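# Topology and contacts: notes
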Amino acid sequence: MSIHYYCRHCGVKIGSLHDYSLKSHQLGFHHLTNDERKEMIEYDPNGDIHVKIICEDCQEALERNPEYHGLENFIQ
């Protein structure tokens with residue numbers, strides 16, 4: 001099982017963890033609501049986990065352009 005992190009806005013791969021012994025509370029997933037988990041975390045049939053987060057570039061763009069918060073994708 002690997003955990004892959006991608007930006008939810010631009011789709012860039014941010015990084016991966018390949019540690020089979022990690023638990024969800026070590027990753028902070030327990031802080032998410034059920035709706036946030038459904039929106040941010042996807043599970044592959046092979047056991048890999050894909051987590052949608054935000055990269056630094058998109059975070060900076062959101063800070064400069066608050067009107068982007070309502071958009072799912074704003075960088076193409």
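It should be emphasised that the depicted structure is a prediction, and the values quoted were computed from it without experimental measurement.

## Remarks on the overall build of the protein
- The secondary structure content of the protein amounts to three helices and four strands.
- The secondary structure elements of the protein, listed N-terminal to C-terminal, are β-β-α-α-β-β-α.
- A total of 76 residues make up the protein; the buried ones form 24% of that total.
- Considering only intrachain contacts with a sequence separation of at least 6, the fraction spanning at least 24 residues in the protein is 45%.

## A word on the pairing of strand β1 (residues 3-7)
- For β1, a buried count of four out of five residues is recorded, marking the element as mostly surrounded by other parts of the structure.
- Here β1 hands over to strand β2 (residues 13-17) after five residues, with Gly-11 in that stretch at a positive phi of 85°.
- Both β1 and strand β4 (residues 49-53) contribute to a ladder of five bridges, which runs parallel. Among the inter-strand pairings, Ile-3 is bridged to a residue of β4, identified as Ile-49.

## Remarks on the pairing of β4
- Direction of pairing for strand β3 (residues 41-43) relative to β4: antiparallel, over a ladder of three bridges. Looking across to β4, one finds that Ile-41 is bridged to Val-51.

## Focus on the nonpolar core
- Membership of the largest hydrophobic core is limited to seven residues, which are Ile-3, Tyr-5, Phe-29, Met-40, Ile-41, Ile-49 and Val-51.
- When residues of this core are traced back to their parent elements, those giving at least two are β1 and β4.
- Setting aside chain neighbours within four positions, we find Tyr-5 in contact with Val-12, Lys-13, Ile-14, Gly-15, Leu-17, Leu-27, Phe-29, Val-51 and Ile-53.

## Side note on the sheet that holds β4
- With mixed pairing, four strands are arranged side by side in an open sheet as β2-β1-β4-β3. The open sheet has two free edges, formed respectively by β2 and β3, since each of these has just one partner strand. Here the strands of the sheet are splayed against their neighbours by 20° on average, with no regard to which way each runs.

## Details of the environment of Leu-22
- With respect to the helices and strands, Leu-22 occurs in the loop between β2 and α1 (24-27).
- C-alpha separation for the pair Leu-22 and Ser-2, spaced 20 residues apart in sequence, amounts to 9.8 Å.
- Apart from residues no more than four positions distant in its own chain, Leu-22 is found in contact with Met-1, Leu-17 and Leu-27.

Reading the values: the criteria
Residues numbered from 1 in each chain as written. Predicted model: local features only at pLDDT ≥ 70, side-chain atom pairs only at ≥ 80, totals over all residues. Heavy atoms only, no water. Helix = DSSP H or I, 4+ residues; strand = E, 2+ residues; numbered from the N terminus. Buried < 20%, exposed > 50% of the residue type's maximum accessible area, 1.4 Å probe, protein only. Contact = heavy atoms within 4.5 Å. Pairing = 2+ DSSP bridges. Core = buried A, V, L, I, M, F, W, Y, C linked by side-chain atoms within 4.5 Å. Axes fitted to C-alpha atoms, helices over the stretch in contact; angles between N-to-C directions.

Shape descriptors only; they carry no functional weight alone.
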